[in-house]
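Here is what each chain is made of, one letter per residue.
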Amino acid sequence: MLQLVLFFVFGTIAVAAAVNLLAQRHPINSALSLIVVMASLAALFLLMGAEFLAAIQVIVYAGAIMVLFVFVIMLLNAGAEERTPGSRVAMLLGFPAVVLLAGSLAWTLLARNPRPAPVALGGGFVGSPTAIAQLLFRDFLLPFEVTSVLILIAIMGAVVLASPPRTTAGAASPEPPAKRER
Amino acid sequence: MLRLYVEEKMLSITTFVIVSVIKIVIALAVLLTAVAYTVWLERKLVGRIQNRWGPQRVGPFGLLQPLADGAKFIFKEDLTPPYVYKPLYIAAPILSLVLALTSISLVPIGNWVTVRGVRTPLEITDVNIGLLIILGITSLSVYGVALAGWSSNSKYSLLGSLRASAQMVSYEIALGVSLVGVLIMSGSLNLREIVDMQGGHMAGFIPRWNIFRGQIVAFFVYLAAAFAETNRVPFDLPEAETELVAGYHTEYSSMKFAMFFMAEYANMITAASIATLLFLGGWHGPLGGPWWLQAILPVFWFALKVFGFIFLYIWIRGTLPRFRYDQLMAFGWKFLFPIAVANVLVTSLIVALQK
């Protein structure tokens, strides 16, 4: 009973923060709303008995990734975004596309698993560190490693994109002094 | 769900609430007193190191100085500078303090006690992923610092908070990885079980603390990373007063400043407690004795070890100069992190071979 109440409390908070994320005009408010979404998702994981997942959700997403978001927003000193009237194509096609996407997702999931079991609050979820480690490092080892290589490639790509362009002729043409930013 | 439900199900809900409220009140009072007197100790010791007196006017040895400071903070004018982003400016110190005080609730300071048939742990709650929850709360405490600097709308604050968030995110990795060795050895994330693993002696007299069982490298990595996480000298770049006035809390005054101040010292105490629990055997100590002594001694040992860490914090503050910022980042990423990873590899190899 208490768990059901908590489920609705955190579910409401998560949805409200997600809507707030879209409605806010200042990027830092949006980022903070996203943190609230992450935290309430962690609480929902906890209610299902996946305490390890919940802790990792807070440590990795709320504690590391979102810190980088906030960091970048602070560094760029991003101001409030401007509202544009929005394109007509998006207005016309947006809602049907959402319905289509949700429908196909639901259809696929139901086709694979015709009688989904209701979520058991308060336990039963296989989420201990041992169970997750066995899934990650034994049963799904190859996909896991491939994903990590993929992320490594993405990081290298970011470094290449961010590094200053090399001069082609080499030492013949020294770089012009960098223009003073103002 | 959490261990809480298994262990404390026997209590009725009323007893549970009453016991919890009592424990919360006691923990808060003890922690805040400890914070106040850590400040006193720091001023006194740093004074000693720098060959001066430190506080000595208020009370004997200046012992009432924290009270005077508290009164001063309360009665000072609470300025809000113009052009700050008000919601976050107000929320940031509250966030800092709340997170700093929350994490202490999971730190076990002694065995379970039974009072009038009610059996309860000495910390506020005993959960089976206690360490992860503390790490999670600490990782969230970056936001207090980051938002304070950003919302103050001042260049010193912003630079301070940028430094702080970069530093805390970087050192968090070395800190987390340095703990993995201990976790592999004890096979649990429950702080109480980790401490129980360290009871007893090896070869008759060496305590089975993790620091003596091959985790000494991890201990020093943790120590360095914890100094950086709590923004203490020699890693106190976020509030380097020679460059940044006071860093992220430049624009704060009165109780809002005091909240950051208390949060910093509470975080120090939490970091010291974690080091005690994971590396120094928690509440285990050498002395035996009659039952009433056995009831008090664990808490005493725990407090003594934490005090040792606080002393070390202050000693180092009085001794070492501040790092340069690029040195700080290079030290974290190129030195501490590889050492911590190597420690994990070696520890897991040894544990695997022993099985």
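Residues numbered from 1 in each chain as written. Chains lettered and ligands numbered in written order. Predicted model: local features only at pLDDT ≥ 70, side-chain atom pairs only at ≥ 80, totals over all residues.

Explanation requested: the overall build of chain B in the structure shown.
Across its full length, chain B holds 13 helices and 4 strands. Taken over the C-alpha trace, chain B has a radius of gyration of 21 Å; the compact-globule value for 355 residues is 20 Å, and the two agree within 12%. Reported as C-alpha extents along the three principal axes, the dimensions of chain B are approximately 60 × 50 × 45 Å. Every one of the 355 residues in chain B was classed for burial, and the buried ones make up 44%. Here the contacts in chain B between residues at least 6 apart in sequence split such that 76% fall between residues at least 24 apart. (Helix = DSSP H or I, 4+ residues; strand = E, 2+ residues; numbered from the N terminus. Rg over C-alpha atoms; globule rule 2.2 N^0.38 Å. Buried ≥ 20, exposed ≤ 12 C-beta atoms within 10 Å, placed from the backbone. Contact = placed C-beta atoms within 7 Å.)

Looking at this structure, I do not really get the domain arrangement of chain A. What am I missing?
Interface size, as often reported, equals the accessible area lost upon joining of the parts. When cut into domains, chain A gives domain 1 (1-81) and domain 2 (128-162). Measuring from the centre of the C-alpha atoms in domain 1 of chain A to the corresponding centre in domain 2 of chain A gives 23 Å. (Domains from an automatic or database assignment.)

Sorry, what's going on with the interface of chain B and chain A here?
In this complex, chain B contributes 19 residues to the contact, which on the side of chain A involves 18 residues. Looking at the side of chain B that touches chain A, its residues break down into 15 nonpolar, 4 polar and no charged. (Nonpolar A, V, L, I, M, F, W, Y, C, P; charged D, E, K, R; others polar.)

Is there a simple way to explain the environment of Leu-122 of chain B in this structure?
Residue and element names in this part refer to chain B. Inspection of the secondary structure assignment puts Leu-122 in the loop between β2 (118-120) and α5 (130-140). Taking the C-beta count within 10 Å as the criterion, Leu-122 has 20 such neighbours and is therefore assigned buried. Distance from Leu-122 to Leu-64, taken between C-alpha atoms, is 29 Å for residues 58 residues apart in sequence. Residues within four places of Leu-122 in sequence aside, it is in contact with Pro-108, Ile-109, Gly-110 and Val-113.

Explain the confidence of the model for chain A here, please?
As a note on interpretation, predicted positions should not be read in detail where pLDDT is low. When pLDDT is averaged along chain A, the result is 80, and 82% of the positions lie at 70 or above. Of all secondary-structure elements in chain A, the lowest mean pLDDT belongs to helix α5 (residues 129-139) of chain A, at 83, while helix α6 (residues 141-162) of chain A reaches the highest, 92. (pLDDT = per-residue confidence, 0-100.)

Just checking my understanding: could you explain the packing of helix α7 (residues 155-186) of chain B against helix α9 (residues 216-229) of chain B for this structure?
The relative placement of two packed helices is expressed as an angle between their axes plus a distance between the axes. Residue and element names in this part refer to chain B. Direction vectors running N to C along α7 and α9 enclose 155°, while the axes themselves pass 8 Å from each other. Taken together, the axes of α7 and α9 are roughly antiparallel relative to one another. Pair α7 / α9 crosses with left-handed handedness. Across from Gln-167, Met-168, Tyr-171, Glu-172, Ala-174, Leu-175, Ser-178, Leu-179, Gly-181 and Val-182 in α7, the residues of α9 making contact are Ala-218, Val-221, Tyr-222, Ala-225, Ala-226, Ala-228 and Glu-229. (Axes fitted to C-alpha atoms, helices over the stretch in contact; angles between N-to-C directions. Parallel < 35°, antiparallel > 145°, perpendicular 65-115°, else oblique. Left-handed = near helix turned anticlockwise from the far one by under 90°.)

Would you mind showing me how to read unusual backbone geometry here?
The bulk of non-glycine residues show a negative phi, and the bulk of peptide bonds are trans. Residues and elements named next belong to chain B. At Asn-153, a position not held by glycine, the phi torsion is positive, near 60°. Along the chain, the position of Asn-153 falls in the loop between α6 (142-151) and α7. Taking the number of C-beta atoms within 10 Å as the measure of exposure, Asn-153 has 16 and is therefore partly exposed. Residues other than glycine seldom take positive phi values, yet Ser-254 does so here, at roughly 55°. For Ser-254, the position within the fold is in helix α11 (residues 254-279).

Help me out: how do you make sense of the environment of Thr-108 of chain A in this one?
Inspection of the secondary structure assignment puts Thr-108 of chain A in helix α4 (residues 88-112). With 83 residues separating them along the chain, Thr-108 of chain A and Arg-25 of chain A place their C-alpha atoms 36 Å apart.

Is there a simple way to explain the packing of helix α4 (residues 86-103) of chain B against α11 of chain B in this structure?
Residue and element names in this part refer to chain B. The geometry of α4 relative to α11 is characterised by a closest axis approach of 8 Å and an angle of 25° between their N-to-C directions. Classified by the angle between their axes, α4 and α11 sit roughly parallel to one another. Crossing geometry of α4 relative to α11 is assigned as left-handed. Of the residues in α11, those in contact with Pro-93, Ile-94, Ser-96, Leu-97, Ala-100, Leu-101 and Ser-103 of α4 are Lys-256, Met-259, Phe-260, Met-262, Ala-263, Ala-266, Asn-267 and Thr-270.

Looking at this structure, how should I read the nonpolar core?
In summary, soluble globular proteins display a tendency toward joint burial of nonpolar side chains. By size, the foremost hydrophobic cluster in this structure holds 120 residues, and its most contacted members are Ala-146, Ala-225, Ala-266, Ile-269 and Ala-275 of chain B. If we ignore the near neighbours within four places in the chain, the residues touching Ala-225 of chain B are Tyr-171, Ala-174, Leu-175, Ser-178 and Leu-336 of chain B. (Core = buried A, V, L, I, M, F, W, Y, C linked by C-beta atoms within 7 Å.)

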